[in-house]
Amino acid sequence: MSDASEGEGGVFGSGVERREDIPLLTGDANYTADVSRPGMAHLAIRRSDHAHARIVDIDTTEAEAMDGVIAVYTGEDVEESGVPNSIPTAWMLPGLVTPQYRILATDKVRHEGSGVAAVVAESSQRARDAIDRIDVEYEPLAHATDPVAAVEEDLPPVHEEAEDNVAFDFELGDDGATDEAFADADHVASVDLRQPRIIPNAMEPRAAVAEFEASTEKLRLWMTSQNPHLHRMLLSASTLGIPENRIEVIAPEVGGGFGSKIYHYPDEAVTAWCSMQLERPVKWRASRQEGYVTDCHGRDHVTTAEIAVDDDGTVRGVRAETHAGLGAQLSQFGTATPSYLYTTVLSGQYTIPAIYCRVIGAFTNTTPVDAYRGAGRAEGIYVIERLMDVAARELDMDPVELRRRNLVPPEEFPYESAAALVYDSGEYERAMEKALDHVGYDELRKKQERLRGEGRYLGIGVANFVESAGLSPSGLAGDLGSQAGGWESSIVRFDSTGTLTVLAGTADQGQGHRTTYAQIAAEELGVGLEDIEVIEGDTDRIPQGMGTYGSRSASVGGGAIARAAREVREKARKIAEHQLEAAPEDVVFDDGSFHLEGAPDRALHIQEIAHEAYLGHDLPEGMDPGLEETNFYDPENFTYPFGTHVAVVEVDAETGDIDIEKYVAVDDCGEIINPMIVEGQVHGGIAQGIGAALYEGAAYDEAGHLRTRRMDEYAVPHSTYLPDFETDTTVTPSPHNPLGVKGVGESATIAAAPTVVSAVVDALEPFGVDHLDMPITPETVWRAVGGED
């Protein structure tokens, strides 16, 4: 389409520069922290410094007497106000224990960082000063921070409703059939592994500004949100009791999320509740340290896993048991992540006929756990890829060869795995061979052997992954326990002057939606990018939406946009046929114009037609004026991105230092809307995966306090710690997606951790090391090779 094209092949698939970046780089972008309202007050929250304790008394006298303090509230005040005062879970499981989750604690605190009181003051500094003047008397209780200890040791329950601290006991697969597969196999290999807690560390800490207008009983809430419509619904139905149509949630620019800004936290609800009590705007901003103890953590799995293989490398079965730490409260998707999202990818890219997994979801006296980039899929792929490595070691077989022998072949798609998923499409070996070619795998193995003779330890790690992206369809999600839909909505609207507005129910936090969504609309309608505006993140402007998470924006959000644009194009076609006085079969759409077959001079551009549609002077009989369409797209299945990553490391056995010499990523995300944005997503995902493998891991001390509570204690990798990444792609379109896209937001994070762990363990094979838990620090390596001896 000439009007919309950006290079060969049109605007779709081109590396168009991100439209978002100039205001972000120049400081013109507005974040929640930049919002200021007339008469605005400031909120600070007094938080528990105990992991588990009864609240005996809260004395707010001194805080209330301070100059500049407007009000001090406790959990009892919230209870007495009559609001529903509940933070619900959004994914139910059979037998799930669901204790009430209040926005301020009343009886007990169940983790360090629980809110126990709120101060509203004329300035943020005065509010922070005042919370230190609140005297809280506690009766400390024994606590559990480890998910295994929480359910197996004699400890007080986190919630009285779950005396054994078990929130759920989940099973997937046929344990009997799996036991038979193991009994018939030639070999069984096993691994015990721990996937540590990860703290999200989005660039922008969470924040909220609430403005309640008493005369209209309307609440307007600006907040750092990945899912504004979810927050609106939960504030209405579960927490504050305000009718949903009187709540507007606005997500301005959001500086990263990685899952942590999907959820309905107490803090934003407290901000809104305080505004309702005072009938004036209230602002709350989390400090980085505050976010470390309140923002949902990720992972926290303790797993024993086994794999059954025959002498020729055929995998017969996989079984695993996992204790998943849920934290002290059930967050929205905290139950889905370690159950359905985790267990269903345990087949990976492989034909495994028997799979069984049991997951015990454990309440612990820790920050709640929920989805973190790659949620569930990252944990599951880590397990199967570590199993493939230990199986290869058991068989004395090259780990790449073992993988190759078990890949699902292209002709088997759609492929139904033993873990209950139906993979849409894939050419797994093509991606793997491309990645191996990038590193020269066979020559690397020869180099590795040569260097070992010199006392140097080179490691080569290979990991294959498949991701279930874009959770859908809604009916299936509901059957599995979801309390939300898997659809997405879009409005595509021409204005009377021919400019185009795309309104989407997703919510950007740096992904580049304003660029990629405009590319989709430009390709479908032949309109220049400069004439397209993309709007997200305001529940008053976009009627409904399901937000951004789970690699769903391109596949589900983009699918809704494409479908709405096609409906707009069809209405415009009917107007063109009418005004050109032509039969439908004689009208061709090309480069944004409708023209007669063989007579390109007799044409109407779609932007001209938009003007005619709003004039309404000459429309087909029975057609309403205007040119816009709304589409709700509910996909028939997940999409399944996949790929292969390879890492080459050298490990210093004396110091434990790990040098990543090369990192190659070959990803298949289906059709590519913007290769530059895809590459950026892959780069960021690899960085987070390497962070988990080598650096990151939240830790609690014996008192239940978060020991890694600041950035100088929690190791987020610097860019200087990372190698240059070599990225490549294969393209296997999704057959059921309107655009053929699959999604890419989480893929590299899923792949990178098992890739790097595999490489380090491979380097240390001469020392008899067959597994190391993340994060693999220099001390971990030093101890593993006998540094203590």
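What you see is a predicted model, and the numbers here were worked out from it, not measured in a lab.

S.K.: Quick question: what am I supposed to make of the pattern of salt bridges here?
M.R.: Two side chains bearing opposite charge may form a pair once their charged atoms approach each other closely. Counted according to the given criterion, the structure contains 58 salt bridges. For arginine 133, the salt bridge goes to glutamate 62, with nearest N and O atoms at 3.2 Å. Residue arginine 133 is found in the loop between helix 4 (124-131) and strand 6 (135-140), and its partner glutamate 62 is found in helix 2 (residues 61-65); the two are separated by 71 residues along the sequence. Arginine 133 gets classed as partly exposed once you look at its relative accessible area, which sits at 39%. Residue classification places glutamate 62 among the partly exposed residues on the basis of a relative accessible area of 49%. Measuring nitrogen to oxygen at the nearest pair gives 2.8 Å for the salt bridge that ties glutamate 401 to arginine 404. Linking glutamate 401 with arginine 404, this pair stays in helix 12 (residues 399-406), spanning 3 residues, or about one helical turn. Residue glutamate 401 is classed as partly exposed on the basis of its relative accessible area, which comes to 25%. Taking relative accessible area as the criterion, arginine 404 reaches 26% and is therefore assigned partly exposed.

S.K.: Please clarify how the sheet that holds strand 14 (residues 315-327) should be interpreted in this entry.
M.R.: Either a parallel or an antiparallel arrangement is found when strands of a sheet pair, and the pairing is made through backbone hydrogen bonds. Ordered by their spatial adjacency, 5 strands build an open sheet running 7-15-14-13-8, and the pairing between neighbours is mixed. Every interior strand has two partners, whereas the edge strands, strand 7 (166-173) and strand 8 (187-198), have only one. Pairwise comparison of adjacent strand axes, ignoring direction, gives a mean angle of 10° for this sheet. As defined by bridge partners, strand 8 adjoins strand 13 (residues 298-309) across 11 bridges and the pair is classed as antiparallel. By the bridge assignment, isoleucine 198 is partnered in strand 13 with glycine 298.

Quick notes on the rules
- Residues numbered from 1 in each chain as written.
- Predicted model: local features only at pLDDT ≥ 70, side-chain atom pairs only at ≥ 80, totals over all residues.
- Heavy atoms only, no water.
- Salt bridge = Lys/Arg side-chain N within 4 Å of Asp/Glu carboxyl O.
- Helix = DSSP H or I, 4+ residues; strand = E, 2+ residues; numbered from the N terminus.
- Buried < 20%, exposed > 50% of the residue type's maximum accessible area, 1.4 Å probe, protein only.
- Pairing = 2+ DSSP bridges.
- Axes fitted to C-alpha atoms, helices over the stretch in contact; angles between N-to-C directions.

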